[in-house]
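Secondary and tertiary structure notes
Residue strings, one per chain:
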Amino acid sequence: QVQLVESGGGLVQAGGSLRLSCAASGSIVSISIMDWYRQAPGKERVFIARIHSGGITNYADSVKGRFTITSDNAKNTVYLQMNSLKSEDTAAYYCRADVKTTGLGPFLAYWGQGTQVTVSS
């Protein structure tokens, strides 16, 4: 019903920048929250950043001041601008959204398939 597709990952040198995108499509009535998570090899998936439909944002301490989450509500798309990248930012980055697919239904969580970010030192 709902698909989230991430893009923009790749290989970058330490200190560089990347911009990730995540586009939601399908039977979408509204989206309340869009998040970015990441999962490094051998580690658990962890929260990175959140943007509410009204524009309020939250960040994990590990990325605060370096990463910026924005959204285009008309396009159901969320972005993650990543600056001053470090080797420890290397991970698969996942988009997550709370989506309502019917007028009276609840918001349900959907995940993308992830995009790899590799930061070389």
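Before going into details, it helps to say that this report is about the structure given with it. Note that residues are indexed from 1 along each chain, following the sequence as it is written. A pLDDT threshold of at least 70 governs which residues receive local features in this predicted model, and a stricter bar of 80 or more applies before side-chain atom pairs are shown or counted, although totals over entire chains, interfaces and linings include all residues. Excluded from the side-chain calculation are hydrogens and water; included are all heavy atoms of the structure.

1. Here we look at the overall build of the chain
Secondary structure counts use DSSP, requiring at least four H or I residues in a row for a helix and at least two E residues in a row for a strand, with both numbered from the N terminus. Within the chain, the secondary structure is distributed over 0 helices and 11 strands. Seen in sequence order, the chain has helices and strands lined up from the N terminus as β-β-β-β-β-β-β-β-β-β-β. To get the radius of gyration, use the C-alpha atoms; to get the globule rule, take the number of residues to the power 0.38 and multiply by 2.2 Å. By the compact-globule yardstick of 14 Å for 121 residues, the chain fits well, its C-alpha radius of gyration being 14 Å. Its C-alpha atoms give the chain principal-axis dimensions of about 50 × 25 × 20 Å. Contacts were defined at the residue level, with two residues in contact if any of their heavy atoms lie within 4.5 Å. A separation threshold of at least 6 residues defines the contact pool for the chain, and within that pool the share at least 24 residues apart is 55%. Accessibility throughout is a Shrake-Rupley quantity obtained with a 1.4 Å probe, and a residue counts as covered only by protein chains that appear here. Summed over its atoms, the accessible surface of the chain is roughly 6,300 Å², and 49% of this surface lies on carbon and sulfur atoms. Only four residue types enter the tally: Lys and Arg on the positive side, Asp and Glu on the negative side; His and the chain ends are excluded. The atoms used to mark charge sites are NZ of Lys, CZ of Arg, CG of Asp and CD of Glu. Computed over 11 positive and 8 negative side-chain charges, the inter-centroid distance for the chain is 2 Å.

2. What to know about unusual backbone geometry
You will see that asparagine 76, though not glycine, has its phi angle at about 50°, which is positive. Inspection of the secondary structure assignment puts asparagine 76 in the loop between β7 (67-72) and β8 (77-82). With a relative accessible area of 23%, asparagine 76 lands in the partly exposed category. For serine 84, which is not glycine, the phi dihedral falls at a positive 50°. In this scheme, a residue with accessible area under 20% of its type's maximum is buried, one over 50% is exposed, and one in between is partly exposed, where area comes from a 1.4 Å probe on protein chains only.

3. Thoughts on the pattern of salt bridges
One speaks of a salt bridge when a side-chain nitrogen belonging to Lys or Arg is within 4 Å of a carboxyl oxygen belonging to Asp or Glu. A complete count under the given rule lists 6 salt bridges for this structure. The closest approach of N and O atoms between arginine 96 and aspartate 35, which form a salt bridge, is 3.2 Å. You can see arginine 96 sitting in strand β9 (residues 91-100) and its partner aspartate 35 sitting in strand β4 (residues 30-39), a full 61 residues away along the chain. Across the pair, aspartate 35 and arginine 96 agree in class, each one buried. Measuring nitrogen to oxygen at the nearest pair gives 2.7 Å for the salt bridge that ties aspartate 89 to arginine 66. Taken as a pair, aspartate 89 in the loop between β8 and β9 and arginine 66 in the loop between β6 (57-59) and β7 lie far apart in primary sequence, 23 residues in all. For the pair shown, aspartate 89 and arginine 66 are each scored as buried. The network of salt bridges with common partners includes Asp35, Arg50, Arg96 and Asp98.

4. Notes on the sheet that holds strand β1 (residues 2-7)
Only when DSSP finds a minimum of two bridges between them are two strands counted as paired. Sheet architecture is open: 4 strands sit in the order β1-β3-β8-β7, paired in antiparallel fashion. With one partner strand each, in any of the chains shown, β1 and β7 form the two edges of the open sheet. Going across the sheet, the axis of each strand differs from the next one's by a mean of 15°, ignoring polarity. In this sheet, β8 lies alongside β7 in antiparallel orientation, the contact comprising 6 bridges. Bridge pairing links isoleucine 69 to leucine 80 in β8. Helix axes are fitted only over the stretch in contact, all axes being lines through C-alpha atoms; the angle between N-to-C directions runs from 0 to 180 degrees.

Everything listed here is a matter of geometry and, on its own, says nothing about what the molecule does.
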